[in-house]
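As a plain string of letters, each chain reads:
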Amino acid sequence: MITIMGATGATGGALLRRLIELGVPCRAISRTPDELRAAIGGEAPVEVVGADAADPRALRAAFDGSTQLFLAMANSPRQVALEINAIDAAAACGVRHVVKLSAPAVEPDSPVGVSRGHWRVETHLATTGMAATLLRPYAFMQKLLLNAPAVAEGVLIAAMRDVPCNYIDVRDIADVAAETLLRPGLDGVTYELTGPRAFSCPELAHLLGELTGRPVRHIDLPPDDFRGHLVRTARLPDWLANHVVEIQQLAIARPESPNGTVETVLGRPARTLDAFLREHLALFAPVT
Ligand SMILES: NC(=O)c1ccc[n+]([C@@H]2O[C@H](COP(=O)([O-])OP(=O)(O)OC[C@H]3O[C@@H](n4cnc5c(N)ncnc54)[C@H](OP(=O)(O)O)[C@@H]3O)[C@@H](O)[C@H]2O)c1
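For every chain, the first residue of the written sequence is number 1, and numbering continues from 1 along that sequence. With pLDDT at 70 or above as the cut-off, local features in this predicted model cover only qualifying residues; side-chain atom pairs require 80 or more to be listed or tallied, and sums for whole chains, interfaces and linings still use all residues. Side-chain metrics in this entry use all non-hydrogen atoms of the structure; hydrogen atoms and water are not considered.

Here we take up the packing of helix α4 (residues 79–92) against helix α5 (residues 113–126). Interaxial angles span 0 to 180 degrees and are taken between N-to-C directions of axes, which are lines fitted to C-alpha atoms, for helices over the stretch in contact. Runs of E in the DSSP output that reach at least two residues are strands. Runs of H or I that reach at least four are helices, and both are numbered from the N terminus. Running from amino to carboxyl end, α4 crosses α5 at an angle of 15°, the nearest separation of the two axes being 9 Å. Classed by the angle they form, the pair α4 and α5 counts as roughly parallel. With respect to the hand of their crossing, α4 and α5 are arranged in right-handed fashion. Contacts from Gln79, Val80, Glu83, Ile84, Ile87 and Asp88 in α4 reach Val114, Gly117, His118, Arg120, Val121, His124 and Leu125 in α5. Counted by class, the contact of α4 with α5 contains 6 nonpolar, 4 polar and 3 charged residues. Working definition: roughly parallel below 35 degrees, roughly antiparallel above 145 degrees, roughly perpendicular at 65 to 115 degrees, and oblique for all remaining angles. Handedness of a helix crossing follows the sense of rotation of the near helix relative to the far helix, less than a right angle counterclockwise being left-handed and clockwise being right-handed. We call two residues in contact when some of their heavy atoms are within 4.5 Å. Side-chain classes follow a simple rule in which Ala, Val, Leu, Ile, Met, Phe, Trp, Tyr, Cys and Pro form the nonpolar group, Asp, Glu, Lys and Arg form the charged group, and the remainder, Gly included, forms the polar group.

Attention now goes to unusual backbone geometry. The phi torsion at Ala105 lies on the positive side, around 55°, for a residue other than glycine. Of note in this structure, Arg161 is not a glycine but carries a positive phi near 50°. By the element assignment, Arg161 lies in the loop between β7 (155–158) and α7 (170–182).

Of all residues adjacent to the ligand, which total 29 residues, the nearest are Thr8, Thr11, Ser30, Arg31 and Gln79. Nitrogen and oxygen atoms within 3.5 Å of one another constitute a polar contact, given that in protein one can donate a hydrogen and the other can accept it, and given that sequence-neighbouring residues count only through two side-chain atoms. Measuring from an oxygen atom of the ligand, one finds a backbone N or O atom of Gly9 at 2.9 Å. Residue burial considers only the protein chains on display, and all accessible areas are found by Shrake-Rupley using a 1.4 Å probe. Here the ligand loses 86% of its free accessible area of 920 Å² to cover by the protein chains. Of all the secondary structure elements, the ones that give two or more residues to the shell around the ligand are α1 (10–22), α4 and α5. A breakdown of the residues in the shell around the ligand according to their chemical character gives 16 nonpolar, 9 polar and 4 charged. What fixes the domain bounds is an automatic or database domain assignment. Here the shell around the ligand gathers at least three residues from each of two domains, domain 1 (2–137) and domain 2 (138–169 + 194–256 + 269–288). It suffices for a single heavy atom of a residue to lie within 4 Å of a molecule or strand for the residue to be listed as near it.

Another aspect to go through is the packing of helix α3 (residues 56–63) against α4. Any two packed helices are characterised by how steeply their axes cross, that is the angle between the axes, and by the distance between the axes. Where α3 contacts α4, the axes come no closer than 9 Å and their chain directions differ by 45°. For the element pair α3 / α4, the angle class is oblique. Handedness of the α3/α4 crossing: right-handed. Every residue of α4 that contacts α3 at Leu59, Arg60 and Phe63 is listed here: Asn85, Ala86, Ala89, Ala90 and Ala92. Here the contact of α3 with α4 is built from residues that sort into 6 nonpolar, 1 polar and 1 charged.

Let us look at α7. Expected span, for any helix, means 1.5 Å times one less than how many residues it has. With 13 residues, α7 extends 18 Å between its outermost C-alpha atoms, agreeing within 8% with the 18 Å of an ideal straight helix rising 1.5 Å per residue. A 1.4 Å probe rolled over the protein chains alone gives each residue an accessible area, and that area as a share of the maximum for its type sets the label: buried under 20%, exposed over 50%, partly exposed in between. Taken across its 13 residues, α7 has 11 buried, putting it largely inside the fold. Along α7, the residues classified as buried are Val170, Asp172, Ile173, Ala174, Asp175, Val176, Ala177, Ala178, Glu179, Thr180 and Leu181.

Right, let's talk about the confidence of the model for the chain for a bit. Per-residue confidence from the prediction method is given by pLDDT, with values spanning 0 to 100. Per-residue pLDDT for the chain averages 97, and the proportion of residues at 70 or more is 100%. At the low end of the mean pLDDT range in the chain sits helix α6 (residues 148–152), at 95; at the high end sits strand β5 (residues 97–101), at 99.

In this section: the environment of Arg235. Considering the arrangement of structural elements, one finds Arg235 in the loop between α9 (223–232) and α10 (238–253). The class for Arg235 is exposed, based on a relative accessible area of 69%.

Here we come to the nonpolar core. Counting 35 residues, the largest nonpolar core has Leu15, Phe70 and Leu135 as the members making the most contacts within it. For this core, the element with the highest residue contribution is α7, accounting for 7 residues. If you count residues domain by domain, this core takes at least three from each of domain 1 (2–137) and domain 2 (138–169 + 194–256 + 269–288). If near-sequence neighbours (up to four positions away) are discounted, Leu15 is found in contact with Ile4, Phe70, Ala174, Ala177, Ala178 and Leu181. The criterion is simple. A nonpolar core is a set of buried Ala, Val, Leu, Ile, Met, Phe, Trp, Tyr and Cys residues joined through side-chain atoms within 4.5 Å.

Turning to the sheet that holds strand β6 (residues 131–137), a few remarks are in order. With parallel pairing, 7 strands are arranged side by side in an open sheet as β3-β2-β1-β4-β5-β6-β8. Of all strands in the sheet, those bounded by a partner on one side alone are β3 (46–50) and β8 (190–193). Each adjacent strand pair in this sheet contributes to an overall mean axis angle of 15°, direction not counted. Pairing between two strands is assigned when DSSP locates at least 2 bridges connecting them. Sheet topology note: the strand β4 (residues 68–71)/β5 ladder contains 4 bridges and is parallel. Within β5, the residue paired with Phe70 across the bridge is Val99.

As structure tokens, this is what we get:
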């Protein structure tokens, strides 16, 4: 049995839809199982189970009978503790293989705090004896939609200067996850995942302008000003605003370039940013 932790999230949700499409029975975990059940509908071969990762007993009940776990956890100050709870419960339940959603720059002294957290989780996972597949994707295309209200007003605000960024569609991450869960021989590997082409903010603003038919101006702020903008205007909590700034400064310190891992694993090219933005163009339209 494949169990998905984070099944209501961006990547776990995409994996759940992929497994349903393939007709693979699976179990989906959420703290709000009734909502997830309603979203899936009755036909799919999915067992929905309620559990909070803060509750080790609930996790063990949720993982009972599972052989593989996909683990995606929302970023939060509690993320490391919650993921370690899930890993320990999986090991106690006899799970053999964990596919963990991680991030770039996973190192003990990474300049990105969230990546230092992923390093602690990955290091813990390595001690359990379970096979560990680590997915380290770059920035999710889906998160670009958070910029839609500003783009609708004609601006794209960031602190990344003109460095390239490896945006990836979470559906490609999910498709790779599905392959590692279903195809023997792909487990136990670390996959660095990118889209097919890296885009700088000026290039992204230009592309958005072309697609929407309205000019989009790229505004580059100093990191501290951008952090203030995220807290005051976008209303992000301090820890999340810090994370966004750290990720953008990482792209400056370590210029990103795409690799062919998605295509190698899936046997087809990674989804493009152009196609993703076209799918969601309506969200970038000004409110009338
Ligand atoms: N955003 C990016 O550009 C990016 C890039 C690279 C890597 N990443 C990594 O991707 C991960 C986030 O993935 P995502 O964006 O797909 O996730 P997401 O949409 O933020 O959702 C993650 C899931 O976390 C679950 N969750 C949160 N607290 C929980 C708890 N106490 N107990 C059980 N479940 C809990 C939620 O489930 P319920 O609410 O249903 O319980 C939700 O389904 C992070 O580790 C991040 O570092 C992100």
